[in-house]
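A closer look at the structure
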Amino acid sequence: LELPGNTEPINVARVYARATGYIQERRADIGTRVKAGQLLAIIESPEVDQQLEQARANLQQSRAALAQAESNLEQAKAGVNQAKANVGQAQANEEIAKTTNDRWARLVSRGVLPKQAGDERRTTFAAREAETEAAMAAGKTADATVIARQADVQAAQAAIAAQAANVHRLEQLKAFER
């Protein structure tokens, strides 16, 4: 007695690839016995490959930006040192101008020197005071620049972390091609 019939497996597993693309090589066919972890197919995914290359390039670019930011930070720190030196010089100039002004003021008040000479020394002293204030303001600006450059370094480090995470994500996605 012959009867028509179909044979069906007890267990059926649907397999879906997490990577999109074209099948480059198929290592198992319908009905082939397979084991856990066995490679079934290789998927060619040019879009993912290109995204991965772009992400790696962006990571390199972020690393270069970090190096630039660190260099700018060092330059800003040198600017702070220069500003401090300028403040010291301005204060020394102001001190000598004050001493000279005080001496000339006594001589002018006694009538030994003309008032014009006393006025010149007084305005020179006022100019030196202004130079000291300007140097101090430049020092504050230099300090603020250092803070801004430190923030740039932190932003560059964060950009590197973000780019590295993107590269890692795409590498995992590429691993699904197998």
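Preceding this section is the structure that the text describes.
Residues numbered from 1 in each chain as written. Predicted model: local features only at pLDDT ≥ 70, side-chain atom pairs only at ≥ 80, totals over all residues. Heavy atoms only, no water.

**Focus on the pairing of strand β1 (residues 22-26)**
Stated formally: Throughout this description, buried means an accessible area under 20% of the type-specific maximum (1.4 Å probe, protein chains only), exposed means over 50%, and partly exposed covers the range between. Under the scheme used here, helices are H or I runs from DSSP no shorter than 4 residues and strands are E runs no shorter than 2 residues, and both carry numbers assigned from the N terminus. Here, a strand pair is defined by DSSP locating no fewer than two bridges between the strands.
The element β1 is largely exposed, with a buried count of zero among its five residues. The pairing of β1 with strand β2 (residues 41-44) spans four bridges and is antiparallel. By the bridge assignment for β2, Glu-25 is matched with Ile-42.

**Focus on the packing of helix α1 (residues 46-109) against helix α2 (residues 115-175)**
Heads up, the rule is: Angles shown run from 0 to 180 degrees and are taken between the N-to-C directions of axes, each axis being a line fitted to C-alpha atoms and, for helices, limited to the stretch in contact. These descriptions rest on fixed angle ranges, namely under 35 degrees for roughly parallel, over 145 for roughly antiparallel, 65 to 115 for roughly perpendicular, and the rest for oblique. Whether a crossing is left-handed or right-handed is set by the direction in which the near helix is turned from the far one by less than a right angle, anticlockwise for left-handed and clockwise for right-handed. Ten residues, namely Ala, Val, Leu, Ile, Met, Phe, Trp, Tyr, Cys and Pro, are considered nonpolar, four, namely Asp, Glu, Lys and Arg, are considered charged, and the remaining ones, Gly among them, are considered polar.
Two elements in contact, α1 and α2, have axes whose closest approach is 6 Å; the angle formed by their N-to-C orientations is 165°. By the criterion of interaxial angle, the relationship of α1 to α2 is roughly antiparallel. Note that α1 runs across α2; the crossing there is left-handed. Classifying every residue of the contact of α1 with α2 gives 31 nonpolar, 19 polar and 18 charged.

**A few points about α1**
Stated formally: Here, expected helix span is obtained from the residue count minus one, scaled by 1.5 Å.
For α1, spanning 64 residues, the distance from its first C-alpha to its last is 91 Å, which sits close to the expected 94 Å at 1.5 Å a residue. Once α1 finishes, Gly-111 follows within two positions and takes phi at roughly 85°, a positive value.

**Some points on the packing of aromatic side chains**
Selection criterion: Stacked, edge-to-face and tilted are the three classes for Phe, Tyr and Trp ring pairs, Trp counted by its six-membered ring, which pair at centre distances within 6.5 Å; planes under 30 degrees apart are stacked, over 60 edge-to-face, the rest tilted. The criterion for a charge sitting over a ring is simple: Lys NZ or Arg CZ within 6 Å of the ring centre, and within 35 degrees of the ring normal.
One pass over the full model with this rule turns up zero aromatic pairs. Cation over ring: Arg-121 sits above Trp-104, and NZ or CZ is 4.3 Å from the ring centre.

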